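Spelled out, the chains give:
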Amino acid sequence: MSQALTNQLIKKIMMVFLLMILLVGAVYMTLTIYFTNKYFEEASQRLNSQVASHLIEEKFKEDSPFLEDGSVNKALFGDVMHDMMAVNRSIEVYLLNDLGEILYSVVLDHSDNEKSRTKIDLVPVMDFIGCNGDRYILGDDPRDPQNKKIFSAAAFESNGKSGFIYIILTGEQFQYVTEALTGSYFLRLGLGASAATLVFGVLIGLFSLWFLTKNLREIIETVKRFRDGDLTARISNTKHNDLSILAETYNSMADRLVANIEELKSVESLRRELIANVSHDLRTPLAITRGYVETLQIKKSLLSEQDQEKYVGIIHKNITKLSGLIDQLFEYSKLEARQIEPRKEAFAISDLAYDVFEKYQQLASERSLSIQLDIEEKLPLVFADISLVERVIQNLMDNALKFTPEGGSVTIAMGSNEKEVHVAIKDTGVGIASDELTQIFERYKQVSTSTKSKREGAGLGLAIAKKIMEIHDSTIKVISRPQEGTTFQFYLPVFS
């Protein structure tokens, strides 16, 4: 697929490159024709700039352009045109009065006197005479009013009359021959130039494509390696790459994909651990409950009332444990799906600490543990969901009591600054190894301990506490060393 896409891209680039060559060639030919004609016209005008002056000096010295009755001396102009055309058949000679009107020309039809009285714009004529023919100036063409032609002009006075000799240097015949020759010449020139341009253009284009697509080919090759399973495939020197944005985007995408794959692997590992942990946690109380229920059913008549009450108490305890585990699973699933929104309000967290202290006194006494309070005086109110915060403290207390040996202590500490209140649960338990600190908040993850106490729970308490802090835009920190105890600490914003 990538090879096909590459080929299509190269074909498109080649087509665009070819069209550009053709377009440049056409523009080049057009400009060449235009400027060549201009150059030829300017050269012709410069070379023949004094033709009109010479004509007046030679022909009007002995003969006048006008007869005695004031009419035009047509015979004189016939001789003039004959002499001119003998040298250059493209020249057209016009006699103008001082207003620029054409009085006579051999090349015009003077049978219709009104039609023959064509007027020439004298502004270019006066400019030409003023600069003595040293500038490139175009004037009116009496036979083709839509076009401008190069000319030569000079003023004269004869028999009390004044006017201008106006000579078109490139007449209709010249234009006809020139267009035919120019078309043939530039056709040959264009075909030859186009062929040479195409050959060199293709060679240069192929080299340019090879050079310009070098980085693109490297990116495609890297992507193919990644697709084929080489998850370490990355594009090097992205900042110096011609396609740096694409290269950096690919590297970032590849890193994210690899991270997602690793996360999926971790999730899969956690899933297996979940099945094992939950199965164990559910199986044990279920097996105990089932055993005592069957004992009551089979031996009820043989058991004393005191034994029956004992068995019912054990059944109740295990059912309570099962119910708590199921509640934890349900609670965590809702927190992970963000189906629980905190109902934040201002409350005194010190009061909450005293309530938790009272609730856990009995449980601590049963385990030969002590609970202490270390609360700063006049703590400010916090802004949070009181029931969820209580749940976090309870989960941390349960965890502390579970991993603190007999004779140890658990401390609820609270302090504050201008922006937040920090809550810490400290124990003198067995501690946590440094390599396991990053894993203790993972769901169903349990750390290894040196205690001989029975394993309780599937490791959901800390995961739930972390999720609750996340929906409060806060985090839980843990500080622990083996055999030196553990401290869990979280922060809540001060109500203002």
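Each remark here, short or long, concerns the structure printed above.
Criteria and thresholds
- Each chain has its residues counted from 1, following the order in which its sequence is written.
- It should be noted that, the model being predicted, local features are given only for residues of pLDDT at least 70 and side-chain atom pairs only at 80 or more, the latter also being counted only at that level, while totals for whole chains, interfaces and linings use all residues.
- Heavy atoms from the whole structure form the basis of all side-chain values; hydrogens and water molecules are not counted.
- For every element, the axis is a line fit to its C-alpha atoms; helices are fit only across the contacting stretch, and the angle between N-to-C directions ranges from 0 to 180 degrees.
- Comment: elements are numbered from the N terminus, with helices defined as DSSP H or I runs of at least four residues and strands as E runs of at least two.
- For this classification, under 35 degrees means roughly parallel, over 145 means roughly antiparallel, 65 to 115 means roughly perpendicular, and everything else is oblique.
- Whether a crossing is left-handed or right-handed is set by the direction in which the near helix is turned from the far one by less than a right angle, anticlockwise for left-handed and clockwise for right-handed.
- Only heavy atoms matter for contacts: two residues are in contact if any of them lie within 4.5 Å across the pair.
- By the convention adopted, Pro, Cys, Tyr, Trp, Phe, Met, Ile, Leu, Val and Ala count as nonpolar, Lys, Arg, Asp and Glu as charged, and the other residues, Gly among them, as polar.
- A strand pair is defined by DSSP finding two or more bridges across the two strands.
- Exposure classes here rest on a 1.4 Å probe applied to the protein chains alone. A residue is buried below 20% of its type maximum, exposed above 50%, and partly exposed in between.
- Aromatic rings from Phe, Tyr and Trp, with only the six-membered ring used for Trp, were paired whenever their centres fell within 6.5 Å, and each pair was classed as stacked if the ring planes differed by under 30 degrees, edge-to-face if by over 60, and tilted otherwise.

Next up on the list: the packing of helix 11 (residues 386-402) against helix 12 (residues 461-471). Interaxial distance between helix 11 and helix 12 falls to 9 Å at its minimum, and their mutual angle equals 150°. The angle between helix 11 and helix 12 falls in the class roughly antiparallel. The chirality of how helix 11 crosses helix 12 is left-handed. For the pair helix 11 and helix 12, contact is made by Leu 388, Arg 391, Val 392, Asn 395, Leu 396 and Asn 399 and by Gly 461, Leu 462, Ile 464, Ala 465, Ile 468, Met 469 and Ile 471, respectively. Residue composition of the contact of helix 11 with helix 12, by class: 9 nonpolar, 3 polar and 1 charged.

Running from amino to carboxyl end, helix 10 (residues 349-366) crosses helix 11 at an angle of 35°, the nearest separation of the two axes being 11 Å. Here the hand of the crossing between helix 10 and helix 11 comes out right-handed. Only Ile 386, Val 389, Glu 390, Ile 393, Gln 394, Met 397, Asp 398 and Leu 401 of helix 11 make contact with helix 10, whose side of the interface consists of Ile 349, Leu 352, Val 356, Lys 359, Tyr 360, Leu 363 and Ala 364. Grouping the amino acids of the contact of helix 10 with helix 11 by side-chain chemistry returns 11 nonpolar, 1 polar and 3 charged.

This part covers the sheet that holds strand 2 (residues 102-104). The antiparallel open sheet is built from 5 strands, whose spatial order is 2-1-5-4-3. Sheet topology places strand 2 and strand 3 (138-140) at the edges, where each strand pairs with a single neighbour. Each adjacent strand pair in this sheet contributes to an overall mean axis angle of 45°, direction not counted. The pairing of strand 1 (residues 92-97) with strand 5 (residues 161-168) spans 6 bridges and is antiparallel. Its bridge partner lying in strand 5, Val 93 is registered against Ile 167. Running over the sheet, helix 2 (residues 51-59) touches strand 1, strand 4 (148-158) and strand 5 and is turned about 30° from strand 4. Most of the contacts of helix 5 (residues 122-130) go to strand 4, to which it runs at about 75°, and overall it touches strand 1, strand 3, strand 4 and strand 5.

Quick look at the pairing of strand 9 (residues 409-416) now. Summarising burial for strand 9: 7 of the 8 residues are buried, a large majority. Direction of pairing for strand 7 (residues 370-375) relative to strand 9: parallel, over a ladder of 6 bridges. Bridge pairing in strand 9 places Gln 372 opposite Thr 411. Of the strand pairs in this sheet, strand 9 and strand 10 (residues 420-427) are connected by 7 bridges, and their pairing is antiparallel. Residue pairing in the sheet places Val 410 in a bridge with Asp 427 of strand 10. Counted between consecutive antiparallel strands, the loop separating strand 9 from strand 10 contains 3 residues.

Counting across every chain of the model gives 5 aromatic pairs. Ring geometry for Phe 151 against Tyr 166: centres 5.1 Å apart, planes inclined by 35°, an arrangement best described as tilted. In this pair, Phe 151 sits in strand 4 while Tyr 166 sits in strand 5, placing the two residues 15 residues apart along the sequence. Each member of the pair, Phe 151 together with Tyr 166, is buried. Among the aromatic residues, those joined into a cluster by ring pairs are Tyr 94, Phe 128, Phe 151 and Tyr 166.

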